[in-house]
Amino acid sequence: MIEREVIIQSGDIKLKGILCLPDGDGPFPVLLYVSGSGPIDRNENIPGLPLNNSKIIAHHLAQQYIASLRYDKRGVGDSGGDFYSASHSDLVDDAVACTQFLQQQTSIETEKIFVAGHSEGSIIATQVAIRQQNIAGIILLSPFCNEMETILMKQAQHSKSMVMGRKGLKALPWKFMTFLFDPTKAQKKLINKIKESNKPFIRSLGLQKLPANWFRELFVLDVEQKYRQSNVPALLIGGSKDFQCDPCDVVKIENLYGGSAEAHIVEDMSHLLRKEEEEPSVFNYRVQLKQTIMPEVLELIDAWLQRQLHDKN
C-alpha cells in the first residue's frame, strides 16, 4: 500500500490527513473514516487513549483493494483551526469537504465512496450521506440514538456505579471522592452551565477546556430525524459491553433508518471496539489498549463492503 499525506480545504481551514491507497492500479473504492468525539488525530488517537482504530481499519482495507482517507480534526495534529471553538456542524462540514476532496482524485472510484463513523462520527457520517450525492453507503460504529443530554447523564450515573462497585482498599479514595463530588450532580451542573453560556468554549472547574459550541448544537440536534433522512445503505455495529453508547440504540436505529440497514451487536465488545472480558468499566480501558480491534468488526465491514461493491457492479 501507499500512504500519502494530503491537504483538504474546508472553508478557510486546511485539514491534513492520510490517503491510503492499495498497491496496484486504480481507481479504487474508498472509505472516509470520521473519528469519535474529542480532540482526535488522524489515527483516532487522543492523549492517554491511543486507539489507532482508523489506521488499523485503513491498513486492513488496503489488503482488500479498498482505499481510505483519515484526517486530523480541525485544531488537532497538523490541521488548522481551533478544536475548542468548533461546533458539531463545523465537524460535519469538514467531513463533507473530505468527500468532495475524494471525488476529485483520479485514484478513486467516485461512485464508490463510503463513509464510516465511530461514536459521534456515526451521526456525522449520516449527515454527510444526507448532504452529499453519490455516497455509496455508511458504516456506523458504536452509534447512538439518544439525546446528548440523556447520554451524558447516563454516563455520569454509570461512572458513579463503577466507582461505588469497586472492591478493596485501593477503591476507598475513589469512593470517598465520589461521595464528596457526586458525578451526576456535577454533570447536571456542567450541562446547565454550557446551556446558559454563549461562549464558544468554557472551562470546567476552572481548568479543563470544553467546546461549548459543540455541546449546545448536539443538545438540540434531532438525531432520530437524521437517521430517518438518510437513505443510503448502512451497516451498524455496536458492542454488547459499550456503556458510552447503548447497544440497544443499534436496533433502534435499524428500525427507524430511512434506507436499508444491517445491524449487528458484537458480544463482549466495548466502546473502543475491543474485547471486554469483565463488567463494562472505564477502568478496563488501559488493558483493552493492549489489544487490537476485535476481528468480528473487520469481518463484518469486509463482508458488507463486498456486498455493496458487488451490487453496484
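Below or above, wherever it landed, is the structure these notes cover.

About the thresholds
- Residues numbered from 1 in each chain as written.
- Predicted model: local features only at pLDDT ≥ 70, side-chain atom pairs only at ≥ 80, totals over all residues.
- Heavy atoms only, no water.
- 1 Å grid on protein atoms, 1.4 Å probe; cavity = no way out; pocket = protein on both sides within 12 Å on 5 of 7 lines; lining within 4 Å.
- Points joined across faces, edges and corners; volume = space filled by probe spheres on them.
- Helix = DSSP H or I, 4+ residues; strand = E, 2+ residues; numbered from the N terminus.
- Nonpolar A, V, L, I, M, F, W, Y, C, P; charged D, E, K, R; others polar.
- Phe/Tyr/Trp six-rings, centres within 6.5 Å; stacked < 30°, edge-to-face > 60°.
- Buried < 20%, exposed > 50% of the residue type's maximum accessible area, 1.4 Å probe, protein only.
- Lys NZ or Arg CZ within 6 Å of the ring centre and 35° of its normal.
- Pairing = 2+ DSSP bridges.
- Axes fitted to C-alpha atoms, helices over the stretch in contact; angles between N-to-C directions.

Quick notes on the layout of surface pockets
Item 1. For the second largest pocket, the calculated volume is near 160 Å³.
Item 2. Contributing to the lining of the second largest pocket are 12 residues, with Lys 154, Phe 243, Gln 244, Cys 245 and Asp 246 lying nearest its centre.
Item 3. The element contributing the most residues to the lining of the second largest pocket is helix H4 (residues 148–164), with 4 residues.
Item 4. Tallied by class, the residues present in the lining of the second largest pocket amount to 4 nonpolar, 4 polar and 4 charged.

A closer look at the packing of aromatic side chains
Each aromatic ring pair is specified by the distance between its two centres and by the angle formed by the two planes.
Item 1. Tallied over the entire structure, the rule returns 5 aromatic pairs.
Item 2. Note on Phe 243 and Tyr 285: the rings are 5.9 Å apart at their centroids and 20° apart in plane angle, and the pair reads as stacked. Residue Phe 243 is located in the loop between strand E11 (234–239) and helix H9 (248–256), and its partner Tyr 285 is located in helix H10 (residues 285–288); the two are separated by 42 residues in the primary sequence. Exposure class is identical for Phe 243 and Tyr 285. Each is buried.
Item 3. Each member of the aromatic cluster is reached from another via a ring pair, and the members are Trp 214, Phe 215 and Phe 219.
Item 4. The lysine or arginine in question, Lys 195, covers the ring of Phe 219, its NZ or CZ lying 5.8 Å from the ring centre.
Item 5. Between the NZ or CZ atom of Lys 209 and the centre of the ring of Phe 201, over which it lies, the distance is 4.3 Å.

Points about the sheet that holds strand E8 (residues 135–141)
Item 1. One open sheet holds the 8 strands; their spatial order is E1-E2-E6-E3-E7-E8-E11-E12, and the pairing between them is mixed. Sheet topology places strand E1 (2–10) and strand E12 (261–266) at the edges, where each strand pairs with a single neighbour. Direction aside, neighbouring strands of the sheet carry axes that sit 20° apart on average.
Item 2. In this sheet, strand E6 (residues 67–71) lies alongside strand E3 (residues 28–34) in parallel orientation, the contact comprising 3 bridges. What sits directly across from Val 30, in E6, is Ala 67.

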